[in-house]
Amino acid sequence: MSGTSAALEPPAGAQKPVRHPDAPAPGELLGAHYEHCFGCGDGQAHGLHLQARAGEGVTVTAEFTVQPAHQGAPGLAHGGVLASALDETLGSLNWLLRTIAVTGRLETDFVRPVPVGTTLHLEAEVTAVARRKIYSTATGRIGGPDGPVAVRADALFIEVAVEHFVDHGRAEEIQAAMSDPDQVRRARAFEVNP
C-alpha cells in the first residue's frame, strides 16, 4: 500500500500471528458476529450482509454484493461502504485469534470504482501482533478472487476486555447480547466493534 503511516507499521519485536487452536477450520463460514451489525448481520435491511470464511493460517476471505442502497455516485459504491466492508473483513480475523479487539486505525486506498451489482471479493490477513496491537491488511477485488484490485487497506486493531462494550454500549443491546443462550453468538457479539 502506498503511503502507509508509521502507526500501521509493526514495531521491532512484533510477533508472527498464531491461529488459535479453537479457531474455525479453513473454509468454514464464520457467520455474523452480531445480528444487528451493519457489516455482517442479517438484522440490517441495508447492511452489507458480508460473509467471511476462515482461510489458512490467520487469513479470511469474504464477499458482498454492492446494492443500490450502497451507492455514493450514481451507480457506484460509496467509499464509506467500501471502507466498512474492509473493516468488517479485517475485524473477522480476530475470531481466528480468539481475541476481542476494536479498530484503532484503518487506512484505505480506493484504486478503482466498484459498480452497483458488483460482488466484491475480499481477502485479509493478520501480519503481526505486538502485545495488545494486531496489525492486518486486506484487498478487495472485482470480477472474482483473482480480479483487479479495487480497494485495499491496512489496519491496527487493539485488544480490549468485554467491559469496553458494557461501559460504552447501549444497555438494552448489551443485555440482549449477553442473554443469548448460544455461547458462541454471545462471545462473538462483542468481537470487533469500536
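Check the entry above for the structure.
Here the structure is a predicted model, which is why all the values come from computation and not from measurement.

Definitions and cut-offs
- Residues numbered from 1 in each chain as written.
- Predicted model: local features only at pLDDT ≥ 70, side-chain atom pairs only at ≥ 80, totals over all residues.
- Heavy atoms only, no water.
- Helix = DSSP H or I, 4+ residues; strand = E, 2+ residues; numbered from the N terminus.
- Contact = heavy atoms within 4.5 Å.
- Areas by Shrake-Rupley, 256 points an atom, 1.4 Å probe, with all protein chains shown as cover.
- Phe/Tyr/Trp six-rings, centres within 6.5 Å; stacked < 30°, edge-to-face > 60°.
- Lys NZ or Arg CZ within 6 Å of the ring centre and 35° of its normal.
- Expected span 1.5 Å × (residues − 1).
- Buried < 20%, exposed > 50% of the residue type's maximum accessible area, 1.4 Å probe, protein only.
- Pairing = 2+ DSSP bridges.
- Axes fitted to C-alpha atoms, helices over the stretch in contact; angles between N-to-C directions.

Engineer: Describe the overall build of the protein chain, and please don't skip the residues or the numbers.
Structural biologist: Helices and strands together make up the secondary structure of the protein chain, namely 4 helices and 6 strands. When the helices and strands of the protein chain are placed in sequence order, the string is β-β-α-β-β-β-β-α-α-α. By sequence separation, contacts in the protein chain at least 24 residues apart represent 67% of the contacts at least 6 residues apart. In the structure as shown, the protein chain presents an accessible area of about 9800 Å², 51% of it carried by carbon and sulfur atoms.

Engineer: Summarise unusual backbone geometry; cite the residues concerned and give the values.
Structural biologist: Of note in the backbone geometry, histidine 49 takes a positive phi value of approximately 55° without being a glycine. Mapped onto the elements, histidine 49 comes out in the segment before β1 (51–54). Positive phi, normally seen in glycine, also occurs at arginine 98, with a value near 60°.

Engineer: Give me the lowdown on the environment of aspartate 109, citing residues and values where you can.
Structural biologist: The topology assignment puts aspartate 109 in strand β3 (residues 101–110). Between the C-alpha atoms of aspartate 109 and alanine 150, which are 41 residues apart in sequence, the distance is 8.5 Å.

Engineer: So, the packing of aromatic side chains: which residues are in play, and what are the values?
Structural biologist: Considering all chains together, one arrives at 0 aromatic pairs under this definition. Over the ring of tryptophan 95 we find arginine 98, and its NZ or CZ is 4.4 Å from the ring centre.

Engineer: Residue-level account of helix α1 (residues 79–97), with values.
Structural biologist: Spanning 19 residues, α1 covers 28 Å between terminal C-alpha atoms, matching the ideal 27 Å at 1.5 Å per step. In terms of residue burial, α1 counts as a mostly covered element, since 15 of its 19 residues are buried.

Engineer: Go over the sheet that holds strand β6 (residues 149–159), please, and point to the residues and values.
Structural biologist: If you walk across this open sheet you meet the 6 strands as β1-β2-β4-β5-β6-β3, and the pairing is antiparallel. Only two strands of the sheet have a single neighbouring strand rather than two, namely β1 and β3. The sheet shows a mean angle of 20° between the axes of neighbouring strands, direction not considered. As paired elements, strand β2 (residues 59–65) and strand β4 (residues 119–130) share 7 bridges and run antiparallel to each other. Each bridged residue has a counterpart across the sheet, and for glutamate 63 the counterpart in β4 is histidine 121.

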